[in-house]
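Architecture and fold: a report
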Amino acid sequence: MTTLGIIGSGHIGTAVATLAQRAGVHTVLANSRGPESLTEKVAELGDRVSAGTVSEAAAQDIVVLTIPLFAARDFPADLLAGRVVIDTSNYYPSRDGRIPELDSNDLTVAELLSAHFVGARYVKGFNNIAARHLPQLARPAGAPDRSALILGSDDAEALTRAAALLDTLGWDTVPVDSLAETWRFENDTELYGVPYLDAASTDPGGQDARPASVAVLREALAGATRADVGARTV
Ligand SMILES: NC(=O)c1ccc[n+]([C@@H]2O[C@H](COP(=O)([O-])OP(=O)(O)OC[C@H]3O[C@@H](n4cnc5c(N)ncnc54)[C@H](OP(=O)(O)O)[C@@H]3O)[C@@H](O)[C@H]2O)c1
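Before going into details, it helps to say that this report is about the structure given with it. (Residues numbered from 1 in each chain as written. Predicted model: local features only at pLDDT ≥ 70, side-chain atom pairs only at ≥ 80, totals over all residues. Heavy atoms only, no water.)

Another point: the overall build of the protein. Broken down by element type, the protein carries ten helices and eight strands. Compactness check: the protein gives a C-alpha radius of gyration of 17 Å against a globular reference of 17 Å for 234 residues, within 12% of the reference. If one aligns the C-alpha atoms of the protein with their principal axes, the spans along those axes are about 40 × 40 × 35 Å. Counting every position in the protein, which comprises 234 residues, the buried fraction comes to 50%. Considering only contacts in the protein between residues 6 or more positions apart, those separated by 24 or more positions represent 67%. Summed over all atoms, the accessible surface of the protein reaches about 10,100 Å², with 53% contributed by carbon and sulfur. (Helix = DSSP H or I, 4+ residues; strand = E, 2+ residues; numbered from the N terminus. Rg over C-alpha atoms; globule rule 2.2 N^0.38 Å. Buried < 20%, exposed > 50% of the residue type's maximum accessible area, 1.4 Å probe, protein only. Contact = heavy atoms within 4.5 Å. Areas by Shrake-Rupley, 256 points an atom, 1.4 Å probe, with all protein chains shown as cover.)

Rendered as structure tokens:
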């Protein structure tokens, strides 16, 4: 069975590890502070998830890279060579500093990072859903209220392998077959979080999840409008 490495043990890393544990996928979880700092977290997650170094996580069959964009760009360029990588990054200038190629809309975040990681089989995913909604909306294959996630890549085989993993984790998928088109589900678009948010929520924070099917996401992708990234202030 495919093994999973997760680099980043924050909101999204923990949510994906939760899905992996439920699905029985052997997973190595890493962060910036080393495996010892993850002892408690992996014990809570369960026996399929172990703590490792960044290099150990990067050596698994599929790697989820889920750390702030500025930190990802500091990784060695060959760290992920040959691996199928699902990158969750979004660009927040207030956190990541201003990046001219993104501010000018010349590149998507996916194009920027895939160029950095030489030889990585780069897939963009998990970036347009709130971490808490991942375990809430995951369903077994065939469930009538199963949701979908969008995956973007220039690498058709990597897309297929990432989609198979997501199926195991409880999600249908909608492919976007070009990294240049992944602006369609970057932050500040209609695809960012909104499809998974229940507009009729009675939760005071308005954070209840609602399922989003393949058809719903396909329609939203087709009608997406590119964000003016240079105008972003957060
Ligand atoms: N939060 C969400 O709901 C959400 C949704 C979609 C997309 N995203 C995007 O996904 C990415 C991760 O978001 P997040 O909210 O999960 O982040 P987070 O909660 O802030 O966690 C970030 C993780 O990255 C690790 N990290 C930072 N630098 C590292 C390095 N050099 N080596 C190894 N690990 C490192 C941190 O390690 P330590 O724990 O050791 O500090 C931490 O575990 C961001 O680009 C974010 O914009 C987030």
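Bringing the site of the ligand into the picture now. Lining the immediate environment of the ligand, one finds 24 residues, of which Ser 9, His 11, Ser 32, Arg 33 and Thr 88 sit closest. Contacts to the ligand include Ser 32, whose side-chain N or O atom sits 2.7 Å from an oxygen atom. One of the backbone N or O atoms of Ala 131 is found 3.0 Å from an oxygen atom in the ligand. Contact with the protein chains hides 77% of the accessible area of the ligand, taken as 900 Å² for the molecule alone. For the shell around the ligand, the class distribution of residues is eleven nonpolar, eleven polar and two charged. (Near = heavy atom within 4 Å. Polar contact = N/O pair within 3.5 Å; in protein donor to acceptor, adjacent residues only side chain to side chain. Nonpolar A, V, L, I, M, F, W, Y, C, P; charged D, E, K, R; others polar.)

Here is a general trend for soluble globular proteins: nonpolar side chains tend to be buried in one another's company. Leu 4, Val 16, Ile 86, Phe 126, Leu 134 and Trp 171 are the most contacted members of the largest nonpolar core, which has 46 residues in total. Among the nonpolar cores identified, the runner-up in size contains 28 residues, and Ala 57, Val 63, Leu 80 and Ala 120 belong to it. (Core = buried A, V, L, I, M, F, W, Y, C linked by side-chain atoms within 4.5 Å.)

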